[in-house]
Amino acid sequence: MCLAIPGQILSIEGDDPLTRTGKVSFGGIVKEVNLAYVPEAKVGDYVIVHVGFAISVVDEQEAQQVFEYLRQMDELGELQEQPA
Amino acid sequence: MRFIEEYRDAEAAQRFAEAIRKIVTREWTIMEVCGGQTHAIMKFGIDELLPPQVTLLHGPGCPVCVTPVELIDKAVELALRPEVIFCSFGDMLRVPGTRGDLLSAKAAGGDVRIVYSPMDALQLAIKNPDRQVVFFAVGFETTAPANAMAVYQAKRQGITNFSVLVSHVLVPPALEAILNSPRNRVQGFLAAGHVCTVMGYTEYEPIAQKYRVPIVVTGFEPLDILQGVYMCVKQLEEGRAEVENQYARSVRREGNRPAQELIREVFEVVPRKWRGIGEIPQSGLGLREPYWQFDAERRFPLRTGSVEEASECISGLILQGVKKPYECPAFGTRCTPEHPLGATMVSSEGACAAYFKYRREATPRAG
Ligand code: SF4
């Protein structure tokens, strides 16, 4: 129910901030999405979309965080495994 | 798809599982709050990757599951009115009420339509001025901005044949209800990433402090959930109880301000009844007075009063993490997705349906 998926904004229409919409591509499937809640969103951005509304702009740097965390853990893990 | 596939990498998942095994020294019970996470855990077998010391309990975060029976009955009653076009998200259609579900109302001639967004229901109202369009506004905080916008636009555009049947619930009061229960087993939470995308996570900070539970805001892909579990176990092992944000690519501490503003414009916090759990104070949203004209319960005279729930179903205990689906005597026999007795078997995000789909054959893991 709270399913929300990331898609990329292809174009934006409308000036009224409350009815601003965009064409958003979800792996090639394009849907019209309400952009009222992401006033900062630009063409090319990825947005998280739930029931026709974008609820956030994906932070591309933070998106790497999981992999960065894994890398740091690995480094730590290697240290731990070294014989004392 | 970008921002999905990379978080399903099996090898990275193994490395997270390995890391959890390395730090865990004793038994911990963690609840994932959101039904979407429950579904992903079952689908990708994340629970089976975890060391036996870590138990995942499935929380109340499935709006379909916690919508009270009397609201389903009201929905059915509305759907059967000849002037009404009743619009709903698809997963509400098979939730059993006391007198059937929305699908049976449709079979009996009710005009029931599945919509993807509440704005589609509003469009239907504009296109059908001689009919009454009612939208079943269920959901958690994630869905509230969309539902608030539909009502706000209806008012702004002076649309008089649109109304909503509201069943909106809030996550933090439910977490407190679980933590206050004498049967509580939960030691840490994975909070729902999309709820927090809208609301932020400052509301969770006093809960983490007061109850000494770690709360990790977590996403929905396998690597998100595994990292969330890792962060939660790490806090538990170190004796910390903080709010941490695993899902920072979508969640900011303060949440989505414009969305919160519109929610506050249209809705106010009210007590709500949760199916299987009962009434929780200040745990839901209802329309504010300036928007009462769009409240379907005020617009239509409805007969339905409060009703007793079927006794055999233990979904209330499942939603609170007290029992697992296979502990229900009806599970997989008298209760299946084809013939659900309770809402946790109906919704694909309900714990019973997730177990039925992915774990019917598997015997419960010891411990
Ligand atoms: S298996 Fe069916 S009857 Fe048992 S708790 Fe789940 S939904 Fe209720």
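The numbering scheme is per chain: residues are counted from 1 as the chain's sequence reads. Chain labels run from A onward and ligand labels from 1 onward, assigned in the order the entries are written. Residue-level local features of this predicted model are given only where pLDDT is at least 70; pairs of side-chain atoms are given and counted only at 80 or more, and the full residue set underlies all totals for whole chains, interfaces and linings. Water and hydrogen atoms play no part in the side-chain values, which are based on all heavy atoms of the structure.

1. Here's the deal with the overall build of chain A
Here is step 1: Tallying secondary structure elements over chain A gives 1 helix and 5 strands in all.
Here is step 2: Put simply, DSSP H or I for four residues or longer makes a helix, DSSP E for two residues or longer makes a strand, and each gets a number counted from the N terminus. Along chain A, helices and strands appear, N-terminal first, in the series β-β-β-β-β-α.
Here is step 3: The 84 residues of chain A split such that 46% are buried.
Here is step 4: For chain A, the accessible area works out to roughly 4400 Å², and carbon and sulfur atoms hold 54% of it. Note on exposure labels: buried denotes an accessible area under 20% of the residue type's maximum, exposed denotes more than 50%, and partly exposed covers the range between, all computed with a 1.4 Å probe on protein chains only. Accessibility throughout is a Shrake-Rupley quantity obtained with a 1.4 Å probe, and a residue counts as covered only by protein chains that appear here.

2. Overview of the overall build of chain B
Here is step 1: Of the regular secondary structure elements, chain B holds 17 helices and 11 strands.
Here is step 2: Its C-alpha radius of gyration of 21 Å places chain B within 12% of the 21 Å reference for a compact globule of 367 residues.
Here is step 3: On the principal axes, the C-alpha backbone points of chain B span a range of 65 × 45 × 40 Å.
Here is step 4: In chain B, buried positions account for 62% of the 367 residues.
Here is step 5: Whether two residues are in contact is decided by their heavy atoms, any of which lying within 4.5 Å being enough. Residue pairs in contact within chain B that sit at least 24 positions apart in sequence constitute 79% of those at least 6 positions apart.
Here is step 6: Total accessible area on chain B stands at roughly 14100 Å², and carbon and sulfur atoms take up 49% of it.
Here is step 7: Counting rule for charge: Lys and Arg are taken as positive, Asp and Glu as negative, and neither His nor the chain ends is counted. Charge positions are represented by NZ for Lys, CZ for Arg, CG for Asp and CD for Glu. Where the 42 positive side-chain charges of chain B centre and where its 43 negative ones centre are 1 Å apart. For the radius of gyration, the atom set is restricted to C-alpha positions; the globular benchmark scales as 2.2 Å times the number of residues to the power 0.38.

3. A closer look at the interface of chain B and chain A
Here is step 1: Taken together, the contact between chain B and chain A spans 51 residues of the former and 39 residues of the latter.
Here is step 2: Put simply, buried area is how much 1.4 Å-probe accessible surface two parts lose in total, over both of them, once they are put together. Carbon and sulfur atoms make up 64% of the area that chain B and chain A hide from each other, which totals about 3900 Å².
Here is step 3: Criterion for a salt bridge: a side-chain nitrogen of Lys or Arg within 4 Å of a carboxyl oxygen of Asp or Glu. Residues B:Arg2 and A:Glu60 are paired through a salt bridge, measuring 2.6 Å at the closest nitrogen-oxygen approach.
Here is step 4: Mapped onto the side of chain B that touches chain A, the elements with two or more residues apiece are helix 1 (10-23), helix 4 (63-66), helix 7 (118-127), strand 5 (132-139), helix 8 (144-156), helix 10 (193-199), helix 12 (222-238) and helix 13 (257-266) of chain B.
Here is step 5: Among the elements that take part in the side of chain B that touches chain A, helix 8 of chain B stands out by supplying 6 residues, more than any other.

4. Focus on the state of the cysteines
By definition, a disulfide links the sulfur atoms of two cysteine residues through a covalent bond.
Residues and elements named next belong to chain B.
Here is step 1: For the purposes of this analysis, a disulfide is any pair of cysteine sulfur atoms at a distance within 2.5 Å. Taken as a whole, this structure holds 1 disulfide over all chains when the rule is applied.
Here is step 2: A disulfide bridge connects Cys62 with Cys65, and the sulfur atoms are separated by 2.5 Å. Its S-S torsion of approximately 70 degrees makes the covalent link between Cys62 and Cys65 right-handed. The residues Cys62 and Cys65 share a single accessibility class, namely buried.
Here is step 3: Here Cys232 is not cross-linked by a disulfide; its sulfur's nearest cysteine counterpart is in Cys196, at 13 Å.
Here is step 4: Residue Cys232 is classed as buried on the basis of its relative accessible area of 0%.

5. What about a nonpolar patch on the surface?
Here is step 1: The patch calculation keeps residues exceeding 30% relative accessible area without a salt bridge and links them within 9 Å when they carry like charges or within 5 Å when they are nonpolar (Val, Leu, Ile, Met, Phe, Trp, Tyr). A cluster of nonpolar side chains, namely A:Leu3, A:Ile5 and B:Met1, defines an oily patch on the protein surface of about 270 Å² accessible area.
Here is step 2: By the element assignment, A:Ile5 lies in strand 1 (residues 5-13).

6. Topic: the environment of B:Lys43
All names here are of chain B.
Here is step 1: Along the chain, Lys43 turns up in helix 2 (residues 35-43).
Here is step 2: A relative accessible area of 44% means that Lys43 is categorised as partly exposed.
Here is step 3: Measuring from C-alpha to C-alpha, the distance between Lys43 and Pro222 comes to 9.5 Å, with 179 residues separating the pair along the chain.

7. Section: helix 1 of chain B
All names here are of chain B.
Here is step 1: The span you would expect from a helix comes to 1.5 Å times its residue count less one. For helix 1, built from 14 residues, the straight-helix expectation of 20 Å at 1.5 Å per residue is met to within 8% by its first-to-last C-alpha distance of 20 Å.
Here is step 2: Every buried residue of helix 1 is accounted for by Ala12, Ala13, Phe16, Ala17, Ala19 and Ile20. The arc that holds the buried residues of helix 1, viewed along the axis, is 155 degrees, so those residues lie on one side. Exposed and facing more than 90 degrees away from the buried side of helix 1 are Ala10 and Glu11. To be clear, the arc concerns the directions from the helix axis to the C-beta atoms.

8. Thoughts on the site of the ligand
Here is step 1: Near the ligand, the surroundings consist of B:Cys313, B:Ile314, B:Ser315, B:Ile318, B:Cys328, B:Phe331, B:Cys335, B:Leu341, B:Gly342, B:Thr344, B:Met345 and B:Cys352.
Here is step 2: Its residues placed into classes, the shell around the ligand shows 9 nonpolar, 3 polar and no charged. Note on terminology: near, applied to a residue and a molecule or strand, indicates that one of the residue's heavy atoms is within 4 Å of it. Each residue gets one label: Ala, Val, Leu, Ile, Met, Phe, Trp, Tyr, Cys and Pro are nonpolar, Asp, Glu, Lys and Arg are charged, and the others, such as Gly, are polar.

9. Details of the sheet that holds strand 9 (residues 243-245) of chain B
Residues and elements named next belong to chain B.
Here is step 1: Only strands that DSSP links by at least two bridges are regarded as paired with each other. With respect to topology, 5 strands assemble into an open sheet ordered 2-1-7-8-9, the strand pairing being parallel. In this open sheet, the two strands that pair with only one neighbour each are strand 2 (54-61) and strand 9. Ignoring strand direction, the axes of neighbouring strands in this sheet form an average angle of 25 degrees.
Here is step 2: Across 6 bridges, the pairing between strand 1 (residues 28-34) and strand 2 is parallel. Its bridge partner lying in strand 2, Ile30 is registered against Leu56. Each axis is a line fitted through C-alpha atoms, taken for helices only over the stretch in contact, and angles between the N-to-C directions span 0 to 180 degrees.

10. Description of the confidence of the model for chain B
For any part of a model where pLDDT is low, the fine detail of the predicted coordinates should not be relied upon.
Here is step 1: Residue-level confidence of the predictor is summarised by pLDDT, bounded by 0 at the bottom and 100 at the top. With 96% of its residues at a pLDDT of at least 70, chain B reaches an overall mean of 92.
Here is step 2: In the predicted complex, the global pTM is 0.92; the interface-specific ipTM is 0.90.

11. Concerning the nonpolar core
All names here are of chain B.
Here is step 1: Think of a nonpolar core as a cluster: buried Ala, Val, Leu, Ile, Met, Phe, Trp, Tyr and Cys residues, connected wherever their side-chain atoms sit within 4.5 Å. The biggest cluster of nonpolar side chains holds 146 residues, and the ones touching the most others in it are Phe86, Phe162, Phe189, Tyr204 and Val229.
Here is step 2: Element by element, the count of residues in this core is highest for helix 12, at 9 residues.
Here is step 3: Setting aside residues no more than four positions away along its own chain, Phe86 makes contact with Ala75, Leu78, Ala79, Leu102, Asp111, Val112, Arg113, Val134, Phe136 and Leu165.

12. Some details on the packing of aromatic side chains
Here is step 1: Two aromatic rings, drawn from Phe, Tyr or Trp (for Trp, its six-membered ring), form a pair once their centres lie within 6.5 Å of each other, and the interplanar angle then sorts them: stacked below 30 degrees, edge-to-face above 60, tilted otherwise. For the coordinates displayed, the defined rule picks out 11 aromatic pairs over all chains.
Here is step 2: By way of ring pairs, the aromatic residues A:Tyr69, B:Phe16 and B:Tyr230 are connected into one cluster.
Here is step 3: One Lys or Arg, B:Lys155, reaches over the ring of B:Tyr291 and ends 4.9 Å from the middle of that ring.
Here is step 4: Charge-over-ring contacts are defined here by two conditions on Lys NZ or Arg CZ: a distance within 6 Å of the ring centre and an angle within 35 degrees of the ring normal. Sitting over the face of the ring of B:Trp292, B:Arg298 holds its NZ or CZ atom 3.6 Å from the ring centroid.

13. Remarks on unusual backbone geometry
Working note: non-glycine residues mostly have negative phi, and peptide bonds are mostly trans.
Residue and element names in this part refer to chain B.
Here is step 1: Here the phi dihedral of Arg212 falls at roughly 55 degrees; this positive angle occurs in a residue that is not glycine.
Here is step 2: Within the secondary structure, Arg212 sits in the loop between helix 11 (204-211) and strand 8 (215-218).
Here is step 3: Residue Arg212 is classed as exposed on the basis of its relative accessible area of 54%.
Here is step 4: Residue Gln282 is not a glycine yet carries a positive backbone phi of 50 degrees.

14. Things to note about the pairing of strand 7 (residues 188-192) of chain B
Residue and element names in this part refer to chain B.
Here is step 1: The element strand 7 is largely enclosed, with a buried count of 5 among its 5 residues.
Here is step 2: Two strands pair when backbone bridges link them, and strand 1 and strand 7 are joined in this way by 3 bridges, in the parallel orientation. Residue pairing for strand 7: Ile30 is matched across the bridge by Gly188.

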